[in-house]
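Observations on the three-dimensional arrangement
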Amino acid sequence: MSMKKPLAAVAAVAVASALAACSSPQAGGGGGGDASNCTNKITKTNLPAVTMWGWYPNMQLVVDNFNKRNNEVQVCWTNVGQGGDEYQKFQTAISAGTGAPDVVMVEMDRIPTFQIQNALVDIKKYGFDAVKANYSEGAWKDVSVGDAVYGVPVDGGPVAMIYRTDVFDKYKITPPKTWAEYEQAAQKVKDAGGPLFGDLGSNVSALTMALQIQKGAAPFTYDPAQPKAIGVKLNDQASKDVLDYWGNLARKGLVGTQDQFTPEYIAGVINGKYATYISAAWAPGYLTGAGVGKGEDTGKFAVAPLPQWDPANPVQVNWGGSAFSVTSQAKNPELAAKVAYGLYADPESLADGWTNQIIFPLNLTVLKSSEFVDAKVAFFHGQQANKEVYVPAADAYKGVTYSPFGQYYFDAMTKQVSAIIGGSVTGAQAADNLQRDVAAYAKEQGFTVQ
Amino acid sequence: MTLLTEKTEQRTEDTTHKAHGKARLREHLMGWLFVGPFGIVFLAFLIAPLAYALYLSLFQKKLIGGTSFVLLDNYAKAFTDPSFLSGAWFVIRFSLVAIPVQILVALATALILDAVTTLFTRFSRLMIFLPYAIPTVIGAVMWGFLYSKSFGPLTDVFGLFGAAAPDFFSSDLIFYGLVNVVTWQWAGYYMIIIYAALQGIDPALYEAARMDGAGRWQIALRVKIPLITPALLLILVFSLIGTLQFFNEPQILRYLAAGTIGPDFTPNMYAYQQAFKLANFNYGSAISFALGGVVFVCVYAFLFLTRKRRSFLR
């Protein structure tokens, strides 16, 4: 509670100026090529520098590798925060028209959001053909709006089911292959007095969306040739079914309702409070960083393919995954594109990324290499997780059309999932509310909704 | 300066006039010199941003179609926006509960510390004041962990009696969870203000009251409290303004309170979300000003209702 400011507006403005004050020095002196504010040390100071924001845990090494090998351009890197924190700063810089870096790391589902504000540059004319073959079609689709390419894919997030072998052994269950089996297994564990089987988090809208897409939902249709028209379909039967399914699991007490990425949730994962964790391929890196898989729960985790609705026609989905985009505030877009294309492309950086399970690479030279495919993943106690689960999932992924108002959609979804958890709506009602809410927002933003 | 010039009045009227003028000018300059630094900061960091936010609030920016001047449309939207209205209603309800609780706690502790003089009163005063010295954000994080079912002591304490711990992050109890955090944070600060006011009362009044046969309770209720009314009113206005702008605690706790606290939990949070997450600076500014209006109306109504009392804003 701020007591000193007599008018509410002042608080908002104060926050604005505080944000501006914090971010401007980190933005590399207003987003230009000022190399004096980089987190990394640039030794080749005679070369032009490109500023870049990113948050991969091993970014320091990646940037140093790039700078060492490159004699044309140097990268000035700053970590302005992960995910939402970075987008907030980038968004502010877009609105202000200044302060953005030349290259920015964005998750694929955010690309249309920034593209529609003309904040990103189509990098197709800056050497796309030379690297096109390095990534799959699905990967390119996720970073494209129409025919234009707005980012270089770096990592993906094929979704799978991470589970606790100790819990599965104790209650004598095998990894469920379908969602019906998942529910049965959950019931069995609960009846035997076991832990929660999974979690319905209100703050993981992107995962919820992916699970709906798995059942056949297509939340958005968008053709950039007709930028005013957008298709919003958030309450079709598939979307409703998935929300109802998870809502029922929560209502029966089979899964928890904790927000994910919170200390509370991580503590639960460490303590074996959840038998499964439906998450993406980058999850092991995140969990290890948070202390999971060390100490008492070492060697307790394994991974199985994502349960299916129709095992005869399996569908694989993706959560997260990110790319390097060139911003429209870049002083020299061509040079910036060189950085975006080359930053996470040398063998050493790529190897570091996947061997430490920080990222799941989309670069096909790695994705197809036997070192990667056959790797025995330490987090999964030597299980060949890539070969058995993640690579097939990534190969089968078809790509998705994301909306140009991703933040609003995810916030609205969070609200509805919270309502499901609170018991005030069913999954189907939540889907209807979400459709109404998001369609109204789209109209308000000037779209014609189909 | 004036005194000096007035004493030398043997000069001709003309020169006196000139001297007067010069002295007054110098006086004015001195005044501006003293006020200047504050004035510049005030204009640059309060008035200018306010004016800019007001200007922004009159426009609307769409993803398709760009920016257009819409006059008061954003305000009309705010006052029909369920998110803004439910947030405003929440902070009003919250004020009605949290402010009396804080003031009662502060008043009770101040009266006790004023009446009792032992070695521990100074220590106690410091300890009760201490939460105010802890930044709100850290306080909120701390309470977040105390409330936590995995880390917090509540589970253990209630477990001793074989009961389940209350979940202060649930939508039923978050209200009281927040009342507790806010009271913890601010009661000590208010206590110091009340305590200072109590110290300013002439002890002779107590003696007179005692001679009239008043006990300790009566002295507290009939002498002390009426005499510190201005201080209490001051606190009420402070806390009213602060509570209506509720931001830090829910903003921090929303990461721990699984979905209970949404981005539109309070109007301030909603304005923040609109401006910085959805890039809708126009609507964010309008919400801020709309909230400013609500605060103004509430504070004005409060001062109007208490106008007969001696008030610091008399």
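Everything numeric here is computed off the predicted structure, so don't read it as measured data. (Residues numbered from 1 in each chain as written. Chains lettered and ligands numbered in written order. Predicted model: local features only at pLDDT ≥ 70, side-chain atom pairs only at ≥ 80, totals over all residues. Heavy atoms only, no water.)

Within chain B, the regular secondary structure consists of 14 helices and 2 strands. Taken over C-alpha atoms, the radius of gyration comes to 26 Å for chain B, far larger than the 20 Å a tight globule of 314 residues would show. Across its three principal directions, the C-alpha atoms of chain B cover 95 × 75 × 35 Å. Taking all 314 residues of chain B together, the buried fraction comes to 44%. (Helix = DSSP H or I, 4+ residues; strand = E, 2+ residues; numbered from the N terminus. Rg over C-alpha atoms; globule rule 2.2 N^0.38 Å. Buried < 20%, exposed > 50% of the residue type's maximum accessible area, 1.4 Å probe, protein only.)

A few words now on the pattern of salt bridges. Under the counting rule described, the total for this entry stands at 12 salt bridges over all chains. D264 of chain B is the partner of K415 of chain A in a salt bridge, and the nearest nitrogen-oxygen pair spans 3.1 Å. Here the residue K415 of chain A occupies a position in helix 19 (residues 406-422), and D264 of chain B occupies one in the loop between helix 12 (248-253) and helix 13 (267-277), the pair thus bridging two chains. In this structure, K224 of chain B and D114 of chain B form a salt bridge, with 2.9 Å as the shortest nitrogen-oxygen distance. Of this pair, K224 of chain B sits in helix 10 (residues 216-227) while D114 of chain B sits in helix 4 (residues 82-115), and the two are 110 residues apart along the sequence. Given the relative accessible area of 17%, D114 of chain B is considered buried. Ionic contacts of the salt-bridge type, sharing partners, join the residues R164, D166 and D297 of chain A into one network. (Salt bridge = Lys/Arg side-chain N within 4 Å of Asp/Glu carboxyl O.)

Turning next to the confidence of the model for chain B. The pLDDT averaged across chain B works out to 86; a share of 92% of its residues lies at or above 70. Taken element by element, chain B is modelled with least confidence in helix 1 (residues 2-7) of chain B, mean pLDDT 47, and with most confidence in helix 8 (residues 174-199) of chain B, mean pLDDT 93. (pLDDT = per-residue confidence, 0-100.)

Further remarks concern the pairing of strand 2 (residues 66-69) of chain B. Residues and elements named next belong to chain B. By the bridge criterion, 4 bridges tie strand 1 (residues 59-62) to strand 2 in an arrangement that is antiparallel. Residue pairing across strands places K62 opposite G66, the latter belonging to strand 2. Between strand 1 and the antiparallel strand that follows it, strand 2, lie 3 residues; G65 among them carries a positive phi value of about 110°. (Pairing = 2+ DSSP bridges.)

Another point: the packing of helix 10 of chain B against helix 11 (residues 229-244) of chain B. Pairs of packed helices are described in terms of their axes, by the angle between the two and the distance that separates them. Residues and elements named next belong to chain B. Interhelical geometry of helix 10 versus helix 11 gives an angle of 60° and a closest axis separation of 4 Å. Comparing the axis directions of helix 10 and helix 11 gives the class oblique. Between helix 10, through I225, P226 and L227, and helix 11, the contact on the second element is made entirely by T229, P230 and L232. Split by residue class, the contact of helix 10 with helix 11 holds 5 nonpolar, 1 polar and no charged. (Axes fitted to C-alpha atoms, helices over the stretch in contact; angles between N-to-C directions. Parallel < 35°, antiparallel > 145°, perpendicular 65-115°, else oblique. Contact = heavy atoms within 4.5 Å. Nonpolar A, V, L, I, M, F, W, Y, C, P; charged D, E, K, R; others polar.)

With that settled, consider the domain arrangement of chain A. Residues and elements named next belong to chain A. When cut into domains, chain A gives domain 1 (8-156 + 320-379) and domain 2 (157-317 + 402-449). In this structure, domain 1 and domain 2 have C-alpha centres spaced 27 Å apart. With 16 residues of domain 1 at the interface, the matching set in domain 2 holds 22 residues. At the boundary of domain 1 with domain 2, the tally comes to 0 salt bridges. If you look at where domain 1 meets domain 2, you find 2 residue pairs in polar contact (both at pLDDT 80 or more). (Domains from an automatic or database assignment. Polar contact = N/O pair within 3.5 Å; in protein donor to acceptor, adjacent residues only side chain to side chain.)

With that settled, the discussion passes to the nonpolar core. The biggest cluster of nonpolar side chains holds 146 residues, and the ones touching the most others in it are W246, I278, F324 and Y390 of chain A. Mapping this core onto the domain boundaries places at least three of its residues in each of domain 1 (8-156 + 320-379) and domain 2 (157-317 + 402-449) of chain A. Membership of the second largest hydrophobic core comes to 73 residues, among which are V179, I235, A271 and V299 of chain B. (Core = buried A, V, L, I, M, F, W, Y, C linked by side-chain atoms within 4.5 Å.)

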